Amino acid sequence: MPHLTTDDGTTGRFLVLFAEDAHEAGAKALSDAAGVSMAVAGDEAAAPEEGGALLFPEIDVAVVDAPPDQADAAVAAAAESGAILAIEPERWVRALEVVTPYTPESMPEAGNGMKAPAAEPPAPPPSRSSDYLAGFRDAVLYLTRPDGPMTADAGLAVAAGAAAVDESQATWGVQGVKAVFSCRSGRGIKVAVLDTGMDLNHPDFAGRTITSQSFIPGQAVQDGHSHGTHCIGTACGPKCPAIRPRYGVAYEADIFAGKVLNNTGRGTDGQILAGINWAIANKCEVISMSLGASVQVGQSFSTVFETVAQRALQAGSLIVAAAGNDSNRPSVIKPVGHPANCPSILAVAALDSALGIAWFSNRGINPQGGQIDIAGPGVNVYSSVPMPTRYGRKSGTSMATPHAAGIAALLAEANPGARGSALGQLLAATAQRLMTLPGADVGAGLIQAP
Amino acid sequence: MDVQVTVKDGHLARIGEVAAALQDAGLRDPQVLDAIGVITGAADALEPLEEVDGVLKAEPSGEVDIGPPDAPVQ
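Rules behind the numbers
Residues numbered from 1 in each chain as written. Chains lettered and ligands numbered in written order. Predicted model: local features only at pLDDT ≥ 70, side-chain atom pairs only at ≥ 80, totals over all residues. Heavy atoms only, no water. Helix = DSSP H or I, 4+ residues; strand = E, 2+ residues; numbered from the N terminus. Buried < 20%, exposed > 50% of the residue type's maximum accessible area, 1.4 Å probe, protein only. Contact = heavy atoms within 4.5 Å. Axes fitted to C-alpha atoms, helices over the stretch in contact; angles between N-to-C directions. Parallel < 35°, antiparallel > 145°, perpendicular 65-115°, else oblique. Nonpolar A, V, L, I, M, F, W, Y, C, P; charged D, E, K, R; others polar. Core = buried A, V, L, I, M, F, W, Y, C linked by side-chain atoms within 4.5 Å. Pairing = 2+ DSSP bridges. Salt bridge = Lys/Arg side-chain N within 4 Å of Asp/Glu carboxyl O. Buried area = accessible area lost by both parts, 1.4 Å probe. Polar contact = N/O pair within 3.5 Å; in protein donor to acceptor, adjacent residues only side chain to side chain.

The subject of this paragraph is the overall build of chain A. If you tally the helices and strands in chain A, you get 10 helices and 15 strands. Relative to its 450 residues, chain A shows a buried fraction of 56%. Counted over contacts in chain A with a minimum sequence separation of 6, partners at least 24 positions apart contribute 74%.

This is the structure we're talking about:
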């Protein structure tokens, strides 16, 4: 073996991933550009000869033993050839996995310091390598698939996730919905947030018009949970908080804080209906409900909530609600919860800062209203929480929903004729399409400020 | 059980009368939400409530739970 190790943990070889079933064309491109000759892996060959390459045709991956200049030429060939998806240095994941026959005594420690399980059956060296190569293939295919982090419609943080977004002046969510570029503030629009109440003494809301009501027997509006204060912050937080960043969308909207969930986060349909009734009686143009209950596949929506939502729309009040967090993607994907599954309530899905679907966000699975309507920022969302903590981060479709409510308020201000269902249609029509994500996950896309 | 009842459009103007009739049919502690045409309360059965004139639908009241303040996803 000519290249046993390098200082950075790579082997000195390169891994090449070909497009599916395109390894022949890819091998020719490599050969033409870099003079790499390709052997096909078999039972005997576990590593390429020096200066050569070894192809694993089942997984469309080749290991290329190449000096740096040859590797550069190979990378250039990759850029030219659609048959090559990726080239990267091969790493030592399990030291010596290719060259040392397996025995329990020789089993090296994995990179995380944990002993590999002793019960693992012996495997010939080539299959160990194949496991690693298959992992490489899977990783690249994940990164480059249409909805993967490298290629998703990334207006913000391409591939690198939340850490890449500069949140020093405004949160990634407020940036993502373009509120920072909007001349609208929600002025004159009433936004009801039906939740765990609000910290009415939070300094960021001093001087704001706040109407509040508790529908929880024995509990004041004062938020003993933090969820309500967080959601109100996202929907209606200030343009210029004393401590940056900006985290609120409709910074001049009138706030209606309805407490329909108690301080442990629980509430009943009856309390929620009482809150909706209060919001409509107060002519709130937007009602934000970051709450819900799980729904099974095939389960219908509540006809009571649907009737109420229709009456709300007729009265000029648009209800937006959290789609729910029951999923554990990619393996478990659950349907939109109650009451967001009502046809006349807009269901809001959650996105991360790379504009990928959040791992917990539910999908439109059930017919008749169970679809996702729109999507909003819902992962690692920074907003207000009760004093003295003042600020905090939360994730959930609960966090995406008040972004949508805030944007609805801006749209309502900009379009005085658009109320109720017309406002909902405007919210969807102006959303940023997320072409690489299924509509069942994100509906019309990421809501956008006017 | 807690219940929620919608009132038909044609009876919204007389929702108080519907609430009284619901009480006669077994609804306890009725609360009238007149802006949305809903009456909530408690009852032992839904069927008698749905037979009341002016009632569109009677449903059991569910519960929602967003989890504790420190839940990883909310």
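What follows picks up the thread again.
Turning our eyes to something else, we now look at the packing of helix H8 (residues 397-414) of chain A against helix H9 (residues 421-429) of chain A. All names here are of chain A. H9 packs onto H8 with a crossing angle of 110° between their chain directions and a minimal axis gap of 10 Å. Taken together, the axis directions place H8 and H9 in an arrangement best described as roughly perpendicular. Contact residues: H8 offers Ala-404, Ile-407, Ala-408, Leu-411 and Ala-412, while H9 offers Leu-423, Leu-426 and Leu-427. Classifying every residue of the contact of H8 with H9 by side-chain character gives 8 nonpolar, no polar and no charged.

Below, the discussion takes up the nonpolar core. All names here are of chain A. Formed by 97 residues in total, the largest nonpolar core has its most connected members in Val-191, Ile-276, Ile-287, Met-289, Ile-407 and Leu-427. Looking at which element gives the most residues to this core, the answer is H8, with 10 residues. When sequence neighbours within four positions are dropped, the list of residues in contact with Ile-407 reads Val-177, Val-249, Leu-427, Ile-447, Gln-448 and Ala-449.

Hydrogen bonds between backbone atoms are what pair the strands of a sheet, whose relative direction is either parallel or antiparallel. Residues and elements named next belong to chain B. Across the sheet, which stays open at both edges, the 4 strands sit in the order S2-S3-S1-S4 with antiparallel pairing between neighbours. The two strands at the open ends of the sheet, each matched to only one other strand, are strand S2 (28-33) and strand S4 (55-60). Put simply, the sheet's adjacent strands are angled 20° from each other on average, direction ignored. With 4 bridges joining them, S2 and strand S3 (residues 38-42) adopt antiparallel strand pairing. Bridge pairing in S3 links Arg-28 to Ala-42. Relative to the sheet, helix H1 (residues 15-24) contacts strand S1 (2-7), S2, S3 and S4, its axis offset from that of S3 by approximately 25°.

Turning our attention to the pattern of salt bridges. All names here are of chain A. As enumerated under the stated definition, the model contains 10 salt bridges over all chains in all. One salt bridge connects Glu-252 with Arg-187, and the closest N-O pair in it is separated by 3.1 Å. Taken together, the residues Glu-252 in the loop between helix H5 (227-236) and strand S8 (254-259) and Arg-187 in the loop between helix H4 (172-176) and strand S6 (190-195) connect sequence positions 65 residues apart. We classify Glu-252 as partly exposed; its relative accessible area is 32%. A salt bridge links Arg-390 to Asp-204; its shortest N-O distance comes to 2.8 Å. Of the two residues, Arg-390 sits in the loop between strand S14 (381-384) and strand S15 (391-394) while Asp-204 sits in the loop between S6 and strand S7 (210-214), which places them 186 residues apart along the sequence. Residue class for Arg-390 comes out buried when judged on its relative accessible area of 16%.

To continue, consider the sheet that holds S7(A). All names here are of chain A. Strand order in the open sheet made by the 7 strands is S7-S8-S6-S10-S11-S12-S13, with parallel pairing throughout. This sheet does not close on itself; its edge strands, each paired only once, are S7 and strand S13 (374-377). Mean inter-strand twist for the sheet, computed between neighbouring axes without regard to direction, equals 25°. As judged from the 6 bridges shared by S6 and S8, these two strands associate in the parallel manner. When the sheet's bridge partners are listed, Leu-194 is paired in S8 with Gly-258. On top of the sheet, H8 reaches S6, strand S10 (286-289), strand S11 (318-322), strand S12 (346-351) and S13; it is set at about 120° to S12, its chief contact.

Counting from both sides, the interface comprises 30 residues of chain B and, opposite them, 40 residues of chain A. Contact between chain B and chain A buries roughly 2600 Å² in total, counting both sides, with carbon and sulfur atoms accounting for 56%. Note that A:Arg266 is salt-bridged to B:Glu63, the shortest N-O span being 2.6 Å. Summed over the shared surface of chain B and chain A, the number is 22 residue pairs in polar contact (both at pLDDT 80 or more). Breaking the side of chain B that touches chain A down by element, the ones donating at least two residues are S1, S2, S3, S4 and strand S5 (63-65) of chain B. No other element matches S4(B), which puts 4 residues into the side of chain B that touches chain A. The residue makeup of the side of chain B that touches chain A, split by class, is 14 nonpolar, 9 polar and 7 charged. In this sheet, S5(B) lies alongside strand S9 (residues 266-268) of chain A in antiparallel orientation, the contact comprising 3 bridges. Bridge pairing in S5(B) places A:Thr268 opposite B:Glu63.

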